[in-house]
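Each chain is listed here by its residues.
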Amino acid sequence: MKIYEKAPAKINLLLDVIRKRDDGYHEVEMIMTMVDLADRLEMEELPRDQIVLTSQAGFIPLDEKNLAFQAARLIKERYSVSRGVYFHLDKRIPVAAGLAGGSSDAAAALRGLNRLWQLGLTLEELEALGAELGSDVPFCIRGGTAIARGRGEVLESIAPPPQCWVVLAKPPINVSTADVYGKFKAHEGQSHPSIPGMLDAIRRQSFQAMCDALGNVLETVTLHSYPEVRQIKECMVKLGADGVLMSGSGPTVFGLVAKETKLARIYNGLRGFCKEVYVVRMLT
Ligand code: ATP
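Residues numbered from 1 in each chain as written. Predicted model: local features only at pLDDT ≥ 70, side-chain atom pairs only at ≥ 80, totals over all residues. Heavy atoms only, no water.

## Digging into the pairing of strand 1 (residues 2-20)
Residues in a regular strand project their side chains so that they alternate between the two faces of the sheet.
And step 1. Sheet topology note: the strand 1/strand 2 (residues 26-46) ladder contains 17 bridges and is antiparallel. The residue bridging Arg19 from the neighbouring strand is Glu27, located in strand 2.
And step 2. Two successive antiparallel strands, strand 1 and strand 2, enclose a turn made up of 5 residues, where Gly24 displays a positive phi of approximately 95 degrees.
And step 3. Here 2 bridges tie strand 1 to strand 8 (residues 215-216), and the two strands are oriented parallel to one another. Bridge pairing in strand 8 links Leu15 to Asn216. (Pairing = 2+ DSSP bridges. Helix = DSSP H or I, 4+ residues; strand = E, 2+ residues; numbered from the N terminus.)

## Quick look at the packing of aromatic side chains
And step 1. Going through the model one piece at a time under the given rule, you end up with 0 aromatic pairs.
And step 2. A cation over an aromatic ring shows up here: Arg151 above the ring of Tyr25, its NZ or CZ 4.9 Å from the ring centre.
And step 3. A cation sits over an aromatic face here: Arg281 above Trp165, 4.3 Å from the ring centre. (Phe/Tyr/Trp six-rings, centres within 6.5 Å; stacked < 30°, edge-to-face > 60°. Lys NZ or Arg CZ within 6 Å of the ring centre and 35° of its normal.)

## Things to note about the sheet that holds strand 7 (residues 165-170)
And step 1. The strand order 9-10-7-11 describes an open sheet built from 4 strands, whose pairing is antiparallel. With partners counted over all chains shown, the strands left at the sheet margins are strand 9 (243-246) and strand 11 (276-281), one partner each. Strand-to-strand twist of the sheet, defined as the mean angle between neighbouring strand axes without regard to direction, takes the value 20 degrees.
And step 2. Across the face of the sheet, helix 9 (residues 227-239) comes into contact with strand 7, strand 9 and strand 10 (253-257) while running at roughly 10 degrees to strand 10. (Axes fitted to C-alpha atoms, helices over the stretch in contact; angles between N-to-C directions. Contact = heavy atoms within 4.5 Å.)

## Some points on the pairing of strand 4 (residues 84-90)
And step 1. Counting buried positions along strand 4 gives 5 out of 7 residues, so the element sits mostly inside the fold.
And step 2. Across 7 bridges, strand 2 lies against strand 4 in antiparallel orientation. Among the inter-strand pairings, Glu44 is bridged to a residue of strand 4, identified as Tyr86.
And step 3. Looking at chain direction, strand 3 (residues 51-55) and strand 4 are connected through 5 bridges and run parallel. Across the sheet, the residue bridging to Leu53 is Phe87, located in strand 4.
And step 4. Considered for its hand, the β-α-β crossover made up of strand 3, helix 1 (residues 67-78) and strand 4 is left-handed. (Buried < 20%, exposed > 50% of the residue type's maximum accessible area, 1.4 Å probe, protein only. Right-handed = clockwise from strand over helix to strand, strands pointing away.)

## Here we look at the packing of helix 2 (residues 101-116) against helix 3 (residues 123-131)
And step 1. Taken N-terminus to C-terminus, the directions of helix 2 and helix 3 make an angle of 135 degrees; their axes are 10 Å apart at the nearest point. Taken together, the axis directions place helix 2 and helix 3 in an arrangement best described as oblique. Considering the relative orientation of helix 2 and helix 3, their crossing is right-handed. Together, Leu110, Arg111 and Asn114 of helix 2 and Leu126, Leu129 and Gly130 of helix 3 make up the contact between the two elements. (Parallel < 35°, antiparallel > 145°, perpendicular 65-115°, else oblique. Left-handed = near helix turned anticlockwise from the far one by under 90°.)

Below you can see the structure in the form of structure tokens.
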């Protein structure tokens, strides 16, 4: 039997860092939603007790460093499964981009193996397992739109945002999430994006209010260290995107666009100096 799972990318409509905790993690408040740019994970039972992972992407690890591999190992150990699995990962989400590609692959592996091995785990149990693999994995298991608190694993599902186009542009640089959080210094007088403001915009289904409420405090770090990210942001605004923000710790920048007629100009303008540009829909 073959099983397929879609592993969509996420964007942060809002990302705020509250404080650094004693355990080294940062306490965050985020509003996350999924977009229609996805990896695809194929799973098949292996006749021997082994995890094998292949991918068409030449630039990601295929051993125990891969999050899908780690997910399989964790679920096997925790539930004493002595069966093997063959994964093929069709990688579409740019890597180390701030789009949680690896976390979404791990989530897809947990969801899929729960089905393949008929473990009967609930969504809550899968989310708890996911939290052991990474802060964004529980959200990737649940999907939809949610407020994420704690280190990102404490979730509250909310209504989907107003539907729109999302233009994603990733400059050709790799940004380490740990590095960005490490450099982030919360200081007094810093402006914080407003969670109530974004929730109100979503409740009213007001596209304009959602664009106005976008905010990510990590931009202060990444835009400072990488001028090309700032350049993409400015370019998207000039080309007419209605709301523009960096996702996660970057470097991907997304633009929210209401009118389809604007897309060609924005896409072509960005492609002039950025190779990785995607036009997708929100997964509402
Ligand atoms: P986040 O938004 O959660 O910080 P990201 O989008 O910035 O994540 P990923 O694409 O998940 O970053 O990859 C980060 C690192 O994890 C890369 O250096 C990559 O080598 C490693 N990695 C492990 N498993 C995977 C996977 N399945 N897909 C992509 N990268 C993976």
